[in-house]
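# A closer look at the structure
Spelled out, the chains give:
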Amino acid sequence: MANAAQARQATNDEKRGRGGAKTVRLSKVYGTGDMAVRVLDEVSVEFPDGRFTAIMGPSGAGKSTLMHCVAGLDAATSGQVYVGDQELGALSDRALTRLRRERIGFVFQAFNLLPTLTARDNITLPMTLAGTSPDREWFDTVVRVLKLGERLTHRPSELSGGQQQRVALARALVTRPRIVFADEPTGNLDSRTGAEVLTLLREAVDDLGQTVAMVTHDPVAAARADAVVFLADGRIVDVMDAPTPDRVLDRMRGLGDHS
Ligand SMILES: Nc1ncnc2c1ncn2[C@@H]1O[C@H](COP(=O)(O)OP(=O)(O)OP(=O)(O)O)[C@@H](O)[C@H]1O
């Protein structure tokens, strides 16, 4: 068993290169002078390779800001962000754009699919934009795992919400990113479809070796992750391994969140 797991990990490492992401004393300040707001305060956190990490915390804690900084969508005020072994602050704008396109996958609450494109063309869009084409075998694997084989010629309007979300996830996975960021991916979905999306993220980690970081308000969703990072007032206040919905809920209540 150990050997099979090691072999799978080795194959995944080879496919992706060692991945994951981390921050070192990352701070983010919006505004200047009297108007300055320190939204992230020396946050050091790791999103380990091949693991599923949830980010939780009260509204305004800085979850989205953290995710945007780690994904290279927003610049740090101080401190470092690493995706794999690449420090984002050391990159030119052009190199950062390339890293985002090739090394990072995004799943947003709104699926952000292009209505005029088929599912297949939506999935391969990041590669079309980069002027590359998907690895055929990997594309087929992602489509099989996400059960999209029958839907590839459909346009988004011809797909259910859950199917659209699966296309968005396939698009995030097809470039074999170092890390996939999901910002409340179940927020707009009914509970059955939401559960399906969480299962897909879990399978992406377990079966494809993907690294995933997900912001959520839902303790049940967070409990599907390997670990939960709790953020409050711009600081990491706890990291919980092997979370359960009850433990996550208790911890959130301890942070003054009664939602
Ligand atoms: N561009 C900005 N300019 C100024 N303040 C900002 C900006 N973006 C976010 N903030 C502030 O930073 C704080 C953290 O916001 P952020 O969206 O990261 O929190 P969050 O934990 O994701 O919250 P929620 O759970 O409500 O989505 C908030 O007080 C917000 O008002």
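Going by what an unreviewed UniProt entry lists, the protein is known as ATP-binding cassette domain-containing protein and is assigned to Actinomadura litoris.

Moving on: the packing of aromatic side chains. Scanning the model with the defined rule gives 1 aromatic pair in all. Lying across the ring of Tyr-82, Lys-22 places its NZ or CZ 5.2 Å from the centre. Note that Arg-251 overlies the ring of Phe-230, its terminal NZ or CZ placed 6.0 Å from the centroid.

A separate point is the sheet that holds strand 2 (residues 37-47). As summarised here, the arrangement of the 4 strands in space is 2-1-4-5, forming an open sheet in which the pairing is antiparallel. For this open sheet the edge positions go to strand 2 and strand 5 (86-87), each flanked by a neighbour on one side alone. The sheet contact formed by strand 1 (residues 21-30) and strand 2 spans 7 bridges and is antiparallel. Residue pairing in the sheet places Leu-26 in a bridge with Val-43 of strand 2.

Taken together, Tyr-30, Val-39, Pro-58, Ser-59, Gly-60, Ala-61, Gly-62, Lys-63, Ser-64, Thr-65 and His-217 make up the full set of residues adjacent to the ligand. Relative to its unbound accessible area of 640 Å², the ligand is 56% covered by the protein chains. Here the shell around the ligand takes 3 residues from helix 2 (residues 63-70), the largest share from any one element. Across the shell around the ligand, the residue classes tally to 4 nonpolar, 6 polar and 1 charged.

Let us look at the packing of helix 4 (residues 119-130) against helix 6 (residues 161-173). Packed helices, taken two at a time, are described by the angle their axes make and the gap between the axes. Contact pair helix 4 / helix 6: the axes reach a minimum separation of 7 Å and the direction vectors enclose 30 degrees. Between helix 4 and helix 6, the angle is such that the two are roughly parallel. The handedness of the crossing between helix 4 and helix 6 is right-handed. Two secondary-structure elements touch here, helix 4 through Ala-119, Asn-122, Ile-123 and Pro-126 and helix 6 through Val-167, Ala-170 and Arg-171. Split by residue class, the contact of helix 4 with helix 6 holds 5 nonpolar, 1 polar and 1 charged.

In this section: the sheet that holds strand 10 (residues 235-241). Taken together, 6 strands build an open sheet; the order of strands is 6-7-8-3-9-10 and the sheet is mixed. Strand pairing shows two members of the sheet lacking a second neighbour, strand 6 (104-107) and strand 10, which therefore form its edges. For this sheet the average axis-to-axis angle between neighbouring strands, irrespective of direction, equals 20 degrees. Bridge count between strand 3 (residues 52-56) and strand 8 (residues 212-215): 4 bridges; the pairing is parallel. Residue Ile-55 lies in a different strand from strand 8, and its bridge partner there is Val-215.

So, on to the pattern of salt bridges. The final tally for this structure, using the stated rule, is 11 salt bridges. As a salt-bridge pair, Asp-241 and Arg-51 come within 4.0 Å of each other at their nearest N and O atoms. Remark: Arg-51 occurs in the loop between strand 2 and strand 3 and Asp-241 occurs in strand 10; sequence separation between them is 190 residues. By relative accessible area, Arg-51 is classed as partly exposed at 35%. The shortest N-O distance in the salt bridge between Arg-202 and Asp-206 comes to 2.9 Å. On the criterion of helical spacing, the pair formed by Arg-202 and Asp-206 is a turn pair, its members being 4 residues apart in helix 7 (residues 191-208). By sharing partners, the salt bridges in this structure join Arg-38, Asp-41 and Arg-235 into a single network.

Thresholds, definitions, all that
Residues numbered from 1 in each chain as written. Predicted model: local features only at pLDDT ≥ 70, side-chain atom pairs only at ≥ 80, totals over all residues. Heavy atoms only, no water. Phe/Tyr/Trp six-rings, centres within 6.5 Å; stacked < 30°, edge-to-face > 60°. Lys NZ or Arg CZ within 6 Å of the ring centre and 35° of its normal. Pairing = 2+ DSSP bridges. Helix = DSSP H or I, 4+ residues; strand = E, 2+ residues; numbered from the N terminus. Near = heavy atom within 4 Å. Areas by Shrake-Rupley, 256 points an atom, 1.4 Å probe, with all protein chains shown as cover. Nonpolar A, V, L, I, M, F, W, Y, C, P; charged D, E, K, R; others polar. Axes fitted to C-alpha atoms, helices over the stretch in contact; angles between N-to-C directions. Parallel < 35°, antiparallel > 145°, perpendicular 65-115°, else oblique. Left-handed = near helix turned anticlockwise from the far one by under 90°. Contact = heavy atoms within 4.5 Å. Salt bridge = Lys/Arg side-chain N within 4 Å of Asp/Glu carboxyl O. Buried < 20%, exposed > 50% of the residue type's maximum accessible area, 1.4 Å probe, protein only.

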